[in-house]
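Single-letter residue listing:
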Amino acid sequence: MHIEPGVVTGAKLVLSYATGIAAGGVALKLAAETVREQGITSFAARTLATTGLVFTFFEILPHFPVGVSEVHFILGSTLFLLFGAAPAAFGLALGLLFQGVLFEPADLPQYGMNVTTLLVPLFAIQAIATRIIARNTAYVDLRYRQALALSTTYQAGVIAWVAFWALYGSGFAVTNLVNIATFAASYALVIVIEPLADLAVLALAKSLRGVTAPGLVTPRLHNAA
């Protein structure tokens, strides 16, 4: 989902900084709530885990440049279900930052728009989860349609933000529209795979109920709200 260098340039980058700061503010609010409810040690451990996983996803899992961006397996809904919204948000932001600093410095000017593209859909699935998952249901007991709804929301959010940045930066020229459509069509294939990954990870977590150390996963993974 990395926006390619050159798609948004010059003064237009200011908007990406603003949206990135706003997304970071929401993440900080969620972090404060998580620390208050579950403790700083648990939050730090989960953030460390998600950061390592995100960095691994971006560097090791297959990723292909398509149109205005790249097709990645981000597994945003998986991170949310395992670790909670705040650790997932910080892990996505930090994993992306470390990748840019260590391997892709050309991506750093795009950091604001890329972190926005990752985090805002995460906040969306948190809101949707409260609507479609009953309070007496642990995440390990989710059904396919629920996992599909979360994953589809996340991936659709990523596609929408990528399209927005591309249109904002490069306008409505035919070539740009074709590149956006090509990216969206390719990225939509991820929606087929990620719900299955969610269910596979949740099934593994369910088999490890009582084995996983408290604090290393979100309490909602194994317990009703």
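Preceding this section is the structure that the text describes.
Each value, and the rule that gives it
- Residues numbered from 1 in each chain as written.
- Predicted model: local features only at pLDDT ≥ 70, side-chain atom pairs only at ≥ 80, totals over all residues.
- Heavy atoms only, no water.
- 1 Å grid on protein atoms, 1.4 Å probe; cavity = no way out; pocket = protein on both sides within 12 Å on 5 of 7 lines; lining within 4 Å.
- Points joined across faces, edges and corners; volume = space filled by probe spheres on them.
- Helix = DSSP H or I, 4+ residues; strand = E, 2+ residues; numbered from the N terminus.
- Nonpolar A, V, L, I, M, F, W, Y, C, P; charged D, E, K, R; others polar.
- Core = buried A, V, L, I, M, F, W, Y, C linked by side-chain atoms within 4.5 Å.
- Buried < 20%, exposed > 50% of the residue type's maximum accessible area, 1.4 Å probe, protein only.
- Contact = heavy atoms within 4.5 Å.

Visitor: Looking at this model, I keep getting lost on empty space enclosed by the protein. Mind explaining?
Guide: Remark: the empty space left among the atoms is shown by a probe the size of a water molecule rolled over them. For the structure shown, the criterion picks out one cavity of 30 Å³ or more. Lining of the largest cavity is provided by His 2, Leu 96, Gln 99, Gly 100, Asp 107, Leu 108, Tyr 111 and Asn 114. Those elements that place two or more of their residues in the lining of the largest cavity are helix H4 (85-102) and helix H5 (111-132). The element best represented in the lining of the largest cavity is H4, accounting for three residues.

Visitor: I tried to follow the layout of surface pockets on my own but got confused; where do I start?
Guide: Its volume calculated, the largest pocket comes out at about 570 Å³. Lining the largest pocket are 24 residues, with Gln 38, Gln 126, Tyr 139, Thr 218 and Arg 220 positioned closest to its centre. Of all elements in the fold, only helix H1 (13-38), helix H3 (76-83), H4 and H5 reach the threshold of two or more residues within the lining of the largest pocket. A per-element tally of the lining of the largest pocket places H1 first, with five residues. In terms of residue class, the lining of the largest pocket is built from twelve nonpolar, seven polar and five charged.

Visitor: Looking at this structure, I do not really get the nonpolar core. What am I missing?
Guide: Soluble, globular proteins show a tendency: their nonpolar side chains are buried together. Residues Ile 74, Phe 80, Leu 92, Leu 122, Tyr 154, Tyr 187 and Leu 221 are the most contacted members of the largest nonpolar core, which totals 58 residues. Of all the elements in the fold, those that place two or more residues in this core are H1, helix H2 (40-60), H3, H4, H5, helix H6 (144-170) and helix H7 (174-207). Those residues in contact with Leu 92, other than ones at most four positions away along the chain, are Val 54, Ile 74, Leu 79, Leu 118, Leu 119, Leu 122 and Tyr 154.

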